[in-house]
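Report on the structure
Here is how the chains run, residue by residue.
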Amino acid sequence: MNIPVKIQQLETQMRQWRQHLHQFPETAYEEIETAAYIVEILQKLGLEVHSGLGKTGVVATLSAGNSTRKIALRADIDALFIEEKNELSYKSQHSGKMHACGHDGHTAMLLGAAAYLSEQADFNGTVYFIFQPAEEARAGAKAMIDEGLFELFPADSVYGLHNFPSIPQGNFGFKTGAVMASFDCFEIKLTGRGTHAAMPQLGDDVIVTASQIITALQTIVSRNIDPAKAVVVSITQVHAGDTWNALPDSAVIRGTFRCFTPSLQAFISDEITRITDGLCQAHNIKAEIVINPENAGYPVTINSSKETAIAKAVAQELVGKDKVFQPTPSMGSEDFAFMLQEKAGCYAWIGNGSTEGGCLLHNPHYDFNDENLTLGATYWVRLVEKILVLD
Ligand SMILES: [Zn+2]
Ligand SMILES: [Zn+2]
């Protein structure tokens, strides 16, 4: 593996950054200390730093030469509401919060690349280093875009890198097209006439209706969508009733759906409404359906072909062709999808290694593999040097 000496020399520093971030995790839009930590490092490196974009997002700019080409590299910085169960010297000090998705590692790898490039600027153009908040279900990427990310930092293309357990450490995954699923939520509120459980004829039963809706929604995938297309519709919450002998007057059903085809998002949403309305009409129940309450919802993550080919070539040169593979698209989702709606680019995977001992994403035993720090930083550096090539 061709890790530049100057990046090897940064390894101890990068481990310190990563483990500090791991020890003090902060969740969506509350990454105050995390952002301050990142800003301090970037300013010491002499980069131009813009903070407070998308509430707690940070963007640093580094230019060299006279080219107008611009590239954006993105790391997410937020943690999850999970109580860490690892026994590490740098175990989370924030109760109920931890970096269980490796965003501490993403941040450290990108800081490492910034540190190297600020000293060794073998490129011609501009690099934007994006440190994005609230990736976990709160759409921090969208918040940054809505506040003018790409007007302030008009990159030609944008790149993301996520660690992935079960892929051997040192391997990379690239795929053109849909690589992560869309993510949508729905909420169905049912209202009927509550009554004594012994006199059902006097009311309208929201529980029986809810049960039929839950069963009928399973037919969206099994009967209404081409079986060759991967789609998931899951009911994740059902709330109704408080006692043994009364039929309640309301019920709430919540759930999520995922797919890889943007047009199917609207279709599934229409089907949920159609099926729910039909059953509610049959049972004299009032339904209120909200798709994506609180602006939840991520698009499909779609990599553009040219940029993915470039990124893949960079990884192949770095680790060899045998360690670069094409992943099966993940049914999980990513708010980097919002950035890829605005700009061409590529979201790649870097193997985190074994899943033994619960080393799985969003597991209380997860820990980013520090062996990846210099490798990930070198990937970023080589990508910059390839795209913003010296003339
Ligand atoms: Zn995650
Ligand atoms: Zn993540």
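Definitions and cut-offs
- Residues numbered from 1 in each chain as written.
- Chains lettered and ligands numbered in written order.
- Predicted model: local features only at pLDDT ≥ 70, side-chain atom pairs only at ≥ 80, totals over all residues.
- Pairing = 2+ DSSP bridges.
- Helix = DSSP H or I, 4+ residues; strand = E, 2+ residues; numbered from the N terminus.
- Contact = placed C-beta atoms within 7 Å.
- Axes fitted to C-alpha atoms, helices over the stretch in contact; angles between N-to-C directions.
- Core = buried A, V, L, I, M, F, W, Y, C linked by C-beta atoms within 7 Å.
- Buried ≥ 20, exposed ≤ 12 C-beta atoms within 10 Å, placed from the backbone.
- Domains from an automatic or database assignment.

Before going further, it helps to spend a moment on the sheet that holds strand 5 (residues 157-165). Here we have eight strands laid out as an open sheet, ordered 1-2-4-3-5-16-6-15, and mixed in their pairing. In this open sheet, the two edge strands, each paired with only one partner strand, are strand 1 (48-53) and strand 15 (324-325). Bridge count between strand 6 (residues 172-173) and strand 15: two bridges; the pairing is parallel. Within strand 15, the residue paired with Gly173 across the bridge is Phe325. Across the sheet, helix 4 (residues 103-119) is in contact with strand 2 (57-64), strand 3 (70-76), strand 4 (125-132) and strand 5; its angle to strand 3 comes to roughly 145°. On the sheet, helix 9 (residues 305-319) packs against strand 5, strand 6, strand 15 and strand 16 (344-353) and is oriented at approximately 35° with respect to strand 16.

Turning next to the nonpolar core. Counting residues in each nonpolar core, the largest one holds 104 residues, and the members touching the most others are Leu73, Ala113, Ala114, Phe129, Trp380 and Val384. Taken domain by domain, this core gets at least three of its residues from each of domain 1 (5-179 + 300-387) and domain 2 (184-295). Leu73 has contacts with Leu110, Ala113, Val127, Phe129, Ile130, Tyr159 and Trp380, leaving out every residue within four places of it along the chain. Grouped together as the second largest cluster of nonpolar side chains are seven residues, Ile82, Ala100, Cys101 and Tyr366 included.

Our focus in this paragraph is the environment of Leu390. When you line up the elements, Leu390 lands in the segment after helix 11 (372-387). Residue classification places Leu390 among the exposed residues on the basis of 12 C-beta atoms within 10 Å. For the pair Leu390 and Ala75, spaced 315 residues apart in sequence, the C-alpha separation works out to 25 Å. Excluding anything up to four places from it in sequence, Leu390 contacts Asp122, Phe123 and Asn124.

Here the focus is the domain arrangement of the protein. Each domain of the protein was delimited in the assignment, giving domain 1 (5-179 + 300-387) and domain 2 (184-295). Averaged C-alpha coordinates put domain 1 and domain 2 at centres separated by 38 Å.

In space, the four strands of this open sheet follow the order 10-12-8-13, with antiparallel pairing throughout. With partners counted over all chains shown, the strands left at the sheet margins are strand 10 (231-240) and strand 13 (286-291), one partner each. Between one strand axis and the next, the sheet turns through 15° on average, direction left out of account. Here strand 8 (residues 184-191) pairs with strand 12 (residues 250-259) via eight bridges, running antiparallel. What sits directly across from Thr191, in strand 12, is Ser250. Across the sheet, helix 7 (residues 206-224) touches strand 8, strand 10 and strand 12, and the angle it forms with strand 10 is around 170°.

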